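Observations on chain architecture
In case you want the letters, here they are:
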Amino acid sequence: MAAAGSAIGLGNIWRFPYICGKYGGGAALILYLFFVFFIGMTLLLSELTIGRRTGHTPMKAYEALQPKHTMWRYVGLAGLITCFLILSIYLVISGWTLNYFWESVSGQLIGVANGDFAGHFAAFASSPVAPVVCLVLFAVLTLVIILGGVQNGIEKVSKILMPVLLVLVLVLCVRSLTLPGASKGLAYLFNPDFSKLTWEGVLAILGQALFSLSVGMGVMIVYGSYIPKNDNLFKSAMWITVCDTAIAVLAGVAIFPAVFAFGQDPAGGPGLVFNVLPVVFNSMGAVGSIVFGGAFFLLLAVAALTSAISLLEALTAWGADYGKKRSLSAILLTIVSCALAVLAAYSFDGGILNSYKLGDMSLFDWLDKLTGSYLPPVCALLTIIFFGWFMKKDSIMDELSNHGTLPTPWFKVFYSFLARFVAPAALLLVLLGSVFQAEFEVSTVLIVIALVLYFFVLPLGVAYVAKDKGRKNVLWYFLSIVLTPLFALLMLIALGDSGEKHRQRLIDDEHIRMKARESYKSSIAKE
Ligand code: PHE
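Numbers given to residues run from 1 along each chain, matching the order in which its sequence is written. Reporting of local features is limited, given that this is a predicted model, to residues whose pLDDT is at least 70; pairs of side-chain atoms are given and counted only at 80 or more, and all residues count toward the totals for whole chains, interfaces and linings. In computing side-chain properties, one takes all heavy atoms of the structure into account and sets aside hydrogens as well as water.

**Description of the nonpolar core**
Buried Ala, Val, Leu, Ile, Met, Phe, Trp, Tyr and Cys residues form a nonpolar core when they are joined through side-chain atoms within 4.5 Å. Whether a residue is buried, partly exposed or exposed follows from its accessible area with a 1.4 Å probe, protein chains only, as a fraction of its type maximum: under 20%, in between, or over 50%, in that order. Core analysis: the largest hydrophobic core is formed by 156 residues, its most contacted members being Phe35, Ile39, Trp96, Ile205, Phe387 and Leu427. A contact between two residues is defined here by any heavy atoms of the two lying within 4.5 Å. Setting aside residues no more than four positions away along its own chain, Ile39 makes contact with Phe34, Leu206, Leu210, Ala423, Ala426 and Leu427.

Take a look at the structure:
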């Protein structure tokens, strides 16, 4: 539950929809699902295994497992630095959430002039006091729980509040889906349009998949080290992945119909949730706005809290693993991350430090890019290479089967196929693709990957697994080969088709948004 609490957070509700919106809706969603289940979950299970096997935090865990005279422990260090950066930007956004909670329950959001929530958000986020007060408050809350001991408190909190969050998101979905024009939003989320996917987008989506599962930076190694020896790691990883993904997709279903119904911009960036959802709550009347708005932002803050706790816990436990006092490390880390968070908050759009830029990006933008796109894939690549190629296979098998007491029919696919080949190859490919962005169109590379996957990797994988069950290798190989051209053909048709429809859809979308904006404004004016 605590690990699920770490995974489910702002990433699902705040970041996922805006990344999806920015990089083409359905196309981003499909890619996201692929990344989450094939790469993210593989990493999650690997990290949990490393953690439980060694009972240590990342650096020491790598030290315990690495071959002699190698320096894998620095991969652990890189992960922990990433944790620190994530914590800083996390505090900023969590602070915003607290503020919106307060504004909802005190009824202030009902009175926002002209329903201009985008303007309201911009004014709040760039003001000098409120965001900072909120982020410090949130940091203190996180610190208090860490000082009070995580294991009891946070598990209990997660067990009750996570299901409540799910119910609320479902209520929001229903409200959103019954708005006029909702189908446009659904079409945007579920119709793949690969022509909008850039390399930058693919990397951002991969980063988001890893960020959302809290993998790549060692947090799950720390949590793994707390998991009882008789728990089933595979089941835990499966549950965490499924819940995390379900909440993200539902958040998308709650948000996009509303975006289109109220004439907002789906590619609205980090402010998306804060601009769009208050409009939906207000459409439920004053009581709806206070009750649903209040409940929603409170739960979002709680989801953020369980994630922030995992970040601070990973860093604190690191100190403790090297003999430092827990409370002292926790307090120091909180102070330093708060300091960075304040700078980041001031550098957000319109803030007093926004004009200081590096390569046209402010500190906030840099932190968002680094922690969302660049660092998680790099750390994840190193982690999975270590797991697949440098850890002993026997000890992995031993840990995952609880010393041979659990059946592990999935082990071959997970270890020999996903962890050793698919995940590292995919991570490497996306990273290289982003470095040499200009060379190939994403859709060209996607087609090549699809062809390679379905002509070579899949048949070989199927044959490999089938052999184990005593079936004829060659037969399975040919069966897959016969089926794959069909699949590839379908995919090519889909890609060609989506490219053509794309331009028309863009024109339609803009038209609909314009109309909605006008009718929304005139209804507000009438009121
Ligand atoms: N997974 C969290 C979210 O989705 C963020 C996070 C990343 C937490 C990395 C811990 C470690 O919001």
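Still to come is the rest of the account.
**Some details on the packing of aromatic side chains**
Classification of ring pairs rests on two measures: the distance between centres of Phe, Tyr or Trp rings, Trp counted by its six-membered ring, which must be within 6.5 Å, and the angle between planes, read as stacked under 30 degrees, edge-to-face over 60 and tilted in between. For the coordinates displayed, the defined rule picks out 34 aromatic pairs. Seen from their ring centres, Phe262 and Tyr520 are 5.4 Å apart, and the 65 degrees between their planes marks the pair as edge-to-face. Placement of Phe262 in the loop between helix 12 (233-261) and helix 13 (272-282) and of Tyr520 in helix 20 (residues 473-526) is noted, with a sequence separation of 258 residues between them. When sorted by exposure, Phe262 lands in the same class as Tyr520, which is buried. On the numbers, 6.1 Å between centres and 70 degrees between planes, the contact of Trp410 with Phe414 is edge-to-face. Each helix is a run of DSSP H or I of at least 4 residues and each strand a run of E of at least 2, with the numbering of both proceeding from the N terminus.

**A word on the environment of Leu98**
Along the chain, Leu98 turns up in helix 5 (residues 73-105). The spatial distance from the C-alpha of Leu98 to the C-alpha of Cys134 is 6.4 Å, given a sequence separation of 36 residues. Residues in contact with Leu98, not counting those within four places in the same chain, are Cys134, Leu137, Phe138 and Ala301.

**Considerations on the site of the ligand**
Surrounding the ligand, one finds 16 residues, the nearest of these being Ala7, Gly11, Tyr90, Phe211 and Ser214. Polar contacts here mean pairs of N or O atoms no more than 3.5 Å apart (in protein, one a potential hydrogen donor and the other a potential acceptor; neighbouring residues in sequence count only if both atoms are side-chain atoms). The contact in question runs from an oxygen atom of the ligand to an N or O atom on the side chain of Asn12, over 3.3 Å. Detection works on a 1 Å grid of protein atoms alone, calling trapped sets that fit a 1.4 Å probe cavities and calling open sets with protein on both sides within 12 Å along at least five of seven lines pockets, with lining residues defined by an atom within 4 Å of a point. To decide whether a molecule occupies a pocket or cavity, check its atoms: if more than half lie within 2 Å of the grid points, it is inside. With respect to the pocket detection grid, the ligand is positioned in the largest cavity. Charged means Asp, Glu, Lys or Arg here, nonpolar means Ala, Val, Leu, Ile, Met, Phe, Trp, Tyr, Cys or Pro, and polar covers whatever is left, Gly included. Residues belonging to the shell around the ligand are distributed by class as follows: eight nonpolar, eight polar and no charged. Here a residue is considered near a molecule or strand provided that any single heavy atom belonging to it is located within 4 Å of it.

**Focus: empty space enclosed by the protein**
The probe, sized like a water molecule, is rolled over the atoms to show the empty space still left. Grid points are joined across faces, edges and corners, and a volume is the space filled by probe spheres set on the points. Inspection of the entire model under this criterion finds seven cavities of 30 Å³ or more. Looking at the largest cavity, its volume works out to about 110 Å³. Looking at the lining of the largest cavity, the elements that each hand over two or more residues are helix 1 (2-7), helix 2 (10-22), helix 5, helix 10 (199-212) and helix 14 (285-321). Counting residues per element, the lining of the largest cavity draws most heavily on helix 14, which supplies three residues. For the lining of the largest cavity, a count of residues per class yields eight nonpolar, seven polar and no charged. Of the pockets and cavities examined, the second largest cavity occupies roughly 60 Å³. Around the second largest cavity, the lining is made up of ten residues, and of these Tyr188, Asp193, Lys196, Arg505 and Asp509 lie nearest the centre. Mapped onto the lining of the second largest cavity, the elements with two or more residues apiece are helix 9 (182-190) and helix 20.

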